[in-house]
Amino acid sequence: NLGYEEHPPWSSGCGYSAESSSWFKTYASLAGRKFGAEVSTIARSGWGMYRDRNGDTNGALSLVYENAVGTDDTTPWSFAPKADLVIINLGTNDINPGDPGVPYETAYASFIQNVRSRYPNAWIFATIGSMLDGSDLATINGRLANVVAVVGDPKVVTFDMGTQDTSTTGCDWHPDVEDHERMAEILMEQIQTHLGWLRSVAPQGLRISK
């Protein structure tokens, strides 16, 4: 998100690196600071809900969700800090080989049930954005709507983050800092609507978590 690519040309200009990436400037981190909330994130490049961007079902975040540090170590996460909100943004990589179909919905619903077992009172946001557009975005949004309907949990909702401006992006087509700021605004509106949090106020003991 710290990199800059202008399109065209459509080939990657800067590529992924630690120097071109900042979690501190991602939409979740930005929103968390605005609400004074503690934020914990688990992410893995190229992985999805059901499969990774190459179609490998071993590249699913649900497989390492219970690990404290993702794929680096199998030390278990305690789940002792109780989240008020869990944000799931998985599907961009799942659809890379094509529509992930019903298996994606099945894996998603199962993962939500796992999250709910850890956090009985949390809101769960199933979202997508902002690298998808057109038919791919419509497909994933349709899949998410099906998941929410099947789960039937009033505190599980879905929305998307819109589509980034593709004339300029971060590295490898990823959203840049400006787009993360735009997505943070969308997320904060959802948080205000569903959780009633006020911006610039530090809620005591409230968490956006794993």
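For the structure, check the block above.
## Looking at the pattern of salt bridges
- Overall, the coordinates contain 6 salt bridges when judged by the stated rule.
- With a closest N to O distance of 2.8 Å, D179 and R182 form a salt bridge. Of this pair, D179 and R182 both sit in helix 4 (residues 177-195), 3 residues apart, which is roughly one turn of that helix.
- Relative accessible area serves as the criterion here: at 7%, D179 is assigned to the buried category.
- Assessed through its relative accessible area of 28%, R182 is described here as partly exposed.

## Quick notes on the side chain of H7
- Residue position: H7 is located in the loop between strand 1 (5-6) and helix 1 (27-35).
- Among the residues examined, H7 registers a relative accessible area of 6% and is labelled buried.
- At a separation of 3.2 Å, a polar atom in the side chain of H7 contacts the main-chain carbonyl oxygen of P9.
- Those residues within four positions of H7 in sequence are excluded, and the remaining contacts are T166, S167, T168, T169 and W173.

## As for the nonpolar core
- The biggest cluster of nonpolar side chains holds 29 residues, and the ones touching the most others in it are I88, Y108 and Y119.
- Contributions of two or more residues to this core are made by strand 3 (85-89), helix 2 (101-118), strand 4 (123-130) and helix 3 (134-151).
- In this structure, Y27, V39, F125 and V157 belong to the second largest nonpolar core, which totals 19 residues.

## Looking at helix 2
- Taking 1.5 Å per residue, 18 residues should reach 26 Å; helix 2 reaches 27 Å between its end C-alpha atoms and fits that length.
- Turning to helix 2, its buried residues are G101, Y104, E105, Y108, A109, F111, I112, N114, V115 and R116.
- The elements touched by buried residues of helix 2 are strand 3, strand 4, helix 3 and strand 5 (156-163).

## Section: the packing of helix 1 against helix 4
- Running from N to C, helix 1 and helix 4 point in directions that differ by 50°, and their axes come no closer than 8 Å. Relative to helix 4, the element helix 1 is oriented oblique. The way helix 1 lies across helix 4 gives a crossing that is right-handed. Between helix 1 and helix 4, the contacting residues are Y27, A28, L30, A31, K34 and F35 on the first element and H180, E181, M183, A184, L187, M188, I191 and Q192 on the second.
- Here the residues of the contact of helix 1 with helix 4 are counted per class, giving 10 nonpolar, 2 polar and 2 charged.

## Focus on unusual backbone geometry
- A cis geometry characterises the amide bond from H7 onward to P8, with omega recorded as -5°.
- Assignment of secondary structure puts P8 in the loop between strand 1 and helix 1.
- Residue P9 is bonded to the preceding P8 through a cis peptide linkage, with omega at 5°.
- Structurally, the position occupied by P9 is in the loop between strand 1 and helix 1.
- In this structure, F79 takes a positive phi of about 60° despite not being glycine.
- Under the relative-accessibility criterion, F79 is labelled buried at 4%.
- One non-glycine residue with positive phi stands out, namely D172, at about 55°.

The rules behind each value
- Residues numbered from 1 in each chain as written.
- Predicted model: local features only at pLDDT ≥ 70, side-chain atom pairs only at ≥ 80, totals over all residues.
- Heavy atoms only, no water.
- Salt bridge = Lys/Arg side-chain N within 4 Å of Asp/Glu carboxyl O.
- Helix = DSSP H or I, 4+ residues; strand = E, 2+ residues; numbered from the N terminus.
- Buried < 20%, exposed > 50% of the residue type's maximum accessible area, 1.4 Å probe, protein only.
- Polar contact = N/O pair within 3.5 Å; in protein donor to acceptor, adjacent residues only side chain to side chain.
- Contact = heavy atoms within 4.5 Å.
- Core = buried A, V, L, I, M, F, W, Y, C linked by side-chain atoms within 4.5 Å.
- Expected span 1.5 Å × (residues − 1).
- Axes fitted to C-alpha atoms, helices over the stretch in contact; angles between N-to-C directions.
- Parallel < 35°, antiparallel > 145°, perpendicular 65-115°, else oblique.
- Left-handed = near helix turned anticlockwise from the far one by under 90°.
- Nonpolar A, V, L, I, M, F, W, Y, C, P; charged D, E, K, R; others polar.

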